Structure formats: C-alpha cells, structure tokens
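Residue strings, one per chain:
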Amino acid sequence: MNLGDFGVSEFDNENSLFSTSKTKQNQAALSKKRKANKISNEQDNKIERDEVERAMIESITIAKAELLPRSDDTDSDSDSLQFSILQNKFLEFGLCVVTNLFSPDAITTHLTPAASFYLKILEDQLSAKKIIYKSNSTNNFSHFAFREVAGRQYGRIDSRVGLPTPEDPTVMFGPKHLSAPPFPLEQILSPFLTSTINSLLGGTAALTYAGLIYSFPGSQDQDFHQDGVPLFPEEDIDLPPYALNVFIPLHKLKKTHGLTEFFPRSNQPHIAIDLSNLDLSKESLKIGRTIQPLLSVGDALIYDYRVCHRGVANSNTGNTRTMLYLMYSRPWFKEHVNFDNERKLFS
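Residues numbered from 1 in each chain as written. Predicted model: local features only at pLDDT ≥ 70, side-chain atom pairs only at ≥ 80, totals over all residues. Heavy atoms only, no water.

### Structural notes on the nonpolar core
For clarity, the threshold we go by: We define the nonpolar core as a collection of buried residues of types Ala, Val, Leu, Ile, Met, Phe, Trp, Tyr and Cys that are connected through side-chain atoms lying within 4.5 Å of one another. Classification of residues uses two cut-offs on accessible area relative to the type maximum, computed with a 1.4 Å probe and protein chains only: under 20% is buried, over 50% is exposed, and between them is partly exposed. Where helices and strands are cited, they refer to DSSP runs of H or I of at least four residues and of E of at least two residues respectively, numbered from the N terminus. Whether two residues are in contact is decided by their heavy atoms: any pair within 4.5 Å suffices.
Counting 52 residues, the largest nonpolar core has Ile 157, Phe 183 and Leu 326 as the members making the most contacts within it. At nine residues, the largest contribution of residues to this core is made by helix α4 (residues 104–128). Contacts of Leu 326, omitting those with residues within four sequence positions, involve Leu 185, Ile 188, Leu 189, Leu 193, Leu 207, Tyr 209, Ala 210, Leu 244, Asn 245, Val 246 and Ile 248. Counting residues in hydrophobic clusters, the runner-up holds 26 residues, among them Ala 150, Leu 253, Ile 291 and Phe 339.

### A short note on a negative patch on the surface
As a reminder of what qualifies: Within this analysis, patches are made of residues with over 30% relative accessible area and no salt bridge. Like charges are joined at 9 Å or less; nonpolar side chains (Val, Leu, Ile, Met, Phe, Trp, Tyr) at 5 Å or less. Accessibility throughout is a Shrake-Rupley quantity obtained with a 1.4 Å probe, and a residue counts as covered only by protein chains that appear here. Here, a salt bridge means any side-chain nitrogen of Lys or Arg that lies within 4 Å of a carboxyl oxygen of Asp or Glu. None of His or the chain ends enter the tally, which takes Lys and Arg as positive and Asp and Glu as negative. By convention, charge coordinates are those of NZ in Lys, CZ in Arg, CG in Asp, or CD in Glu.
On the surface, a cluster of negative charge is made up of Glu 234, Glu 235, Asp 236 and Asp 238. Along the chain, Asp 238 falls in the loop between β6 (206–215) and β7 (243–249). The exposure class assigned to Asp 238 is exposed, which follows from its relative accessible area of 59%.

### Concerning helix α7 (residues 269–276)
Test applied: Our arc is simply the arc of the directions from the helix axis toward the C-beta atoms.
If you check which residues of α7 are buried, you get Pro 269, Ile 271 and Leu 275. The buried side chains of α7 occupy one side of the element, clustering within an arc of 165° when seen end-on. Taken together, the buried residues of α7 touch α8 (280–283).

### Quick word on helix α6 (residues 191–201)
By the burial criterion, the buried members of α6 are Phe 192, Leu 193, Thr 196, Ile 197, Ser 199, Leu 200 and Leu 201. Positive backbone phi, approximately 85°, marks Gly 202, located one or two places after α6.

### Let's talk about the pairing of strand β9 (residues 300–304)
Quick reminder of the rule: Here the rule is simple: two strands pair whenever DSSP picks up at least two bridges between them.
Of all the five residues making up β9, five are buried; the element is thus mostly covered by neighbouring parts of the structure. Burial along β9 is two-sided: the residues Ala 300, Ile 302 and Asp 304 and Leu 301 and Tyr 303 are all buried. Looking at chain direction, strand β2 (residues 95–99) and β9 are connected through four bridges and run antiparallel. Looking at the pairing, Leu 95 lines up with Tyr 303 of β9. Judged from the four bridges that link them, β7 and β9 form a sheet pairing that is antiparallel. Within β9, the residue paired with Phe 247 across the bridge is Leu 301.

### Points about a nonpolar patch on the surface
Taken together, Leu 231, Phe 232, Ile 237 and Trp 332 make up a surface patch of nonpolar side chains, about 410 Å² in accessible area. Tracing the sequence through the fold places Phe 232 in the loop between β6 and β7. Under the relative-accessibility criterion, Phe 232 is labelled partly exposed at 44%.

### Quick look at the side chain of Glu 148
The line we're drawing: Between N or O atoms, a polar contact is any pair within 3.5 Å; within protein, one atom must be a potential hydrogen donor and the other a potential acceptor, and residues adjacent in sequence are included only when both atoms are from side chains.
Checked against the element boundaries, Glu 148 lands in the loop between β3 (144–145) and β4 (149–151). No salt bridge is formed by the buried Glu 148; the nearest opposite charge belongs to Arg 147, separated by 6.1 Å. A distance of 2.6 Å separates a polar atom in the side chain of Glu 148 from the backbone nitrogen of Leu 345.

### A look at unusual backbone geometry
Even without a glycine there, the phi angle at Lys 130 is positive, about 55°. Note that Lys 130 resides in the loop between α4 and β3. On the basis of relative accessible area, Lys 130 is assigned to the exposed category, the value being 73%.

### Section: the sheet that holds strand β1 (residues 61–63)
Sheet strands associate in pairs through backbone hydrogen bonding, adopting either a parallel or an antiparallel arrangement. As a reminder, the rule being used: Where helices are involved, their axes are fitted lines through C-alpha atoms of the stretch in contact, as for all axes, and angles between N-to-C directions lie from 0 to 180°.
Reading across the sheet, the nine strands line up as β1-β2-β9-β7-β11-β6-β5-β4-β3 and stay open at both edges, with mixed pairing between neighbours. Sheet topology places β1 and β3 at the edges, where each strand pairs with a single neighbour. With six bridges joining them, strand β5 (residues 156–162) and β6 adopt antiparallel strand pairing. Paired with Asp 158 across the two strands is Ile 213, which belongs to β6. Running at roughly 70° to β6, α4 makes contact with β3, β4, β5, β6, β7 and β11 (321–329) of the sheet.

### Some words on the environment of Arg 310
Mapped onto the secondary structure, Arg 310 falls in strand β10 (residues 309–311). Measuring from C-alpha to C-alpha, the distance between Arg 310 and His 225 comes to 6.3 Å, with 85 residues separating the pair along the chain. The contacts of Arg 310, once residues within four sequence positions are left out, are Asp 221, Gln 222, Asp 223, Phe 224, His 225, Leu 259, Thr 260, Glu 261, Ser 281 and Ser 284.

### Notes on the packing of aromatic side chains
The test is simple: The aromatic pairing rule takes the rings of Phe, Tyr and Trp, using the six-membered ring of Trp, and pairs them if the centres are within 6.5 Å, calling planes under 30 degrees apart stacked, those over 60 edge-to-face and the rest tilted. Here, a charge over a ring means that NZ of Lys or CZ of Arg falls within 6 Å of the ring centre while also lying within 35 degrees of the ring normal.
All chains considered together, the criterion is met by 14 aromatic pairs. Measuring from centroid to centroid gives 5.5 Å for Tyr 118 and Phe 183, while their planes differ by 80°, and the two rings are edge-to-face. Highlighted residues: Tyr 118 in helix α4 and Phe 183 in the loop between α5 (174–177) and α6, separated in sequence by 65 residues. Both residues of the pair, Tyr 118 and Phe 183, belong to the buried class. The side chain of Lys 64 reaches across the aromatic face of Phe 192, ending 5.0 Å from its centre. Its guanidinium or amino end placed over the ring of Phe 216, Lys 134 lies 4.3 Å from that ring's centre, counting from NZ or CZ.

And the structure:
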C-alpha cells in the first residue's frame with residue numbers, strides 16, 4: 001500500500017534519507033563543514049602570509065654591526081664595501097631595516113620625554129585654534145596643514161620639530177617661540193648615520209627636517225600613498241632615489257599600535273604604475289604583497305620617498321604610537337607636498 005493513500009509522503013518518513021528533517025540536518029552539517037573549512041583556509045592563509053612576510057622582512061634587514069668594518073680589515077675601501085650590502089637592499093626593495101642603529105637608552109631617556117612634551121604643546125595650540133584632529137566621529141575631521149604640523153587623516157598628526165639651518169642645526173618652529181628646549185636630535189645624529197644616509201643618496205645628502213608622527217588610539221588606516229612624487233611622472237624612468245625617510249620608534253611597539261605597511265619595490269616606476277591602477281586595500285590582503293616591519297627601540301627603518309605605504313590603524317586603546325623621523329634629500333630637492341610653509345600654527 002502506498003503511504004500517499006493516507007496523505008503521507010514517503011519523503012516525510014523520518015527514517016528516509018530524503019525526509020524533511022534529514023535534509024535540514026544535512027544542510028546544517030554541510031553549512032557547519034563549509035564554515036569550518038573557511039576558517040581553516042583563512043588560518044592556513046594567515047600562516048602562509050606571516051611566513052612570507054617574515055622572510056621578506058628578513059631579506060631587507062641588516063644589523064649595524066654588519067655595516068662596521070672588521071677590526072682586522074685595513075682596506076681603505078672597506079666602508080664602501082660594507083655599505084654596498086645596505087645599498088643593494090635599499091635599491092631593490094625601496095626600504096631596509098637597520099637593527100641597533102641607535103642607543104635605546106639615549107632614545108628613552110632624551111627623545112621619548114621630549115616627544116611627549118612637544119605633543120602637549122601641539123595639542124594645546126590645535127585646541128586653541130579649534131582644529132579637530134581626533135574625535136569620536138570621523139565626520140568631524142578635515143585635513144589641515146601648517147608650517148609646523150599637518151593632519152591628513154583622522155587620529156594622527158605629523159609635526160615638524162626641526163628645520164636645520166647653517167646657523168642652527170636643530171632650529172625649531174613653534175616650541176622655540178614658547179621657550180621650549182630644542183628637540184634633542186644630537187642624541188642620534190652622528191657621523192655613522194651621515195655615512196649610512198650618504199651611501200644611499202649618493203654622498204651629498206642633507207637633513208631637510210626632523211618630525212614626529214603621533215597615531216592616537218582609534219586612528220583609522222591611512223590611504224596608501226607616496227611621500228613624494230616621481231621627478232618625471234610622465235616618463236617610466238628608473239631613477240636613483242632623491243629623498244628618504246628614517247623612522248625611529250620612541251617606545252616599544254606592538255602590532256596593535258598600528259605599524260607602517262609597505263609595498264616593497266614600489267620605488268620602481270613600472271611597479272608604482274601597476275599599483276596606481278589597483279585597489280590597494282584589496283591588493284594588500286594578497287600573500288606576499290605588503291610587509292609591516294615591527295621595530296624595536298634603537299632600530300631604524302629607512303625608505304625611499306617614492307615607496308607606496310600607509311600607517312595602519314592604532315587599535316591599542318591605551319597608547320599613542322610615537323615615531324620620530326628624519327627626512328634626508330639631495331641638496332637640490334625642496335619638500336613642497338606635505339606641509340604648508342605659508343601658514344603658521346605658532347605665530
């Protein structure tokens with residue numbers, strides 16, 4: 001007798017493989033399996049991404065000790081031979097990390113407190129002029145630029161603390177007018193640092209200015225950008241670097257502070273052109289495309305002014321990420337993009 005004669009479908013039999021209840025169970029199990037597979041794939045991708053990134057960072061990293069001449073080396077060209085290792089990394093990738101370039105004690109004893117002092121002065125002046133640089137709503141933020149400080153995206157400010165002149169190698173902008181002590185750049189400026197920079201910029205580099213980057217808790221990801229434009233953007237010409245930045249962390253960093261993310265080799269024109277046609281936020285998620293070096297106090301990250309990069313959001317609820325940077329260039333270059341030299345925050 002057919003179960004349909006009693007108004008019951010054979011597919012409603014709970015013991016049937018195709019019963020409604022069995023189908024729902026199978027669908028739930030399949031959905032659970034797919035979710036587990038997705039999580040597993042994401043974990044595998046993260047592991048692979050981390051491994052590739054770690055290898056790439058190792059390939060651009062060199063210890064200061066490796067740049068120093070050996071005690072038994074009397075060759076007059078030993079300095080240039082040692083620096084050629086650094087040059088090769090910098091020219092190929094557009095950036096390099098030099099570990100233990102500076103004294104951690106000098107940084108934490110002198111530079112870190114000075115940066116905190118300067119931040120207080122800057123915040124007081126920005127507040128007095130009713131300039132919003134951090135708030136609970138990104139809708140309230142608008143770009144601003146002065147001679148001394150600029151804000152290009154919500155939650156972070158970029159302040160120039162030194163513009164050297166022949167008369168005063170550490171001349172300050174605003175704080176000097178407020179009887180603040182000069183920023184103690186002498187703690188890190190050295191003949192060895194000069195030799196390092198000259199090896200990358202052709203031997204005639206000049207310190208254009210020093211600055212401080214403050215990324216506050218809750219800051220957003222920056223847009224990917226270059227600090228400087230190509231000298232001849234209409235031509236695909238592979239030219240040597242004309243300017244670079246040296247990033248120096250002033251406190252222990254964690255990944256949650258929001259590191260700086262780079263597209264290695266984007267100093268090369270053909271790669272920069274290719275990147276300009278892509279959605280870089282999506283491109284940065286691909287394995288092997290970007291790196292975020294985690295620096296220790298005393299380390300320095302040196303990058304070509306043309307390298308594509310961004311500051312990552314600071315998700316650390318308790319700490320502002322503070323970074324000192326030194327901007328060096330060939331003597332004929334004039335920085336004209338990142339600040340407004342005609343508008344002063346401190347009158």
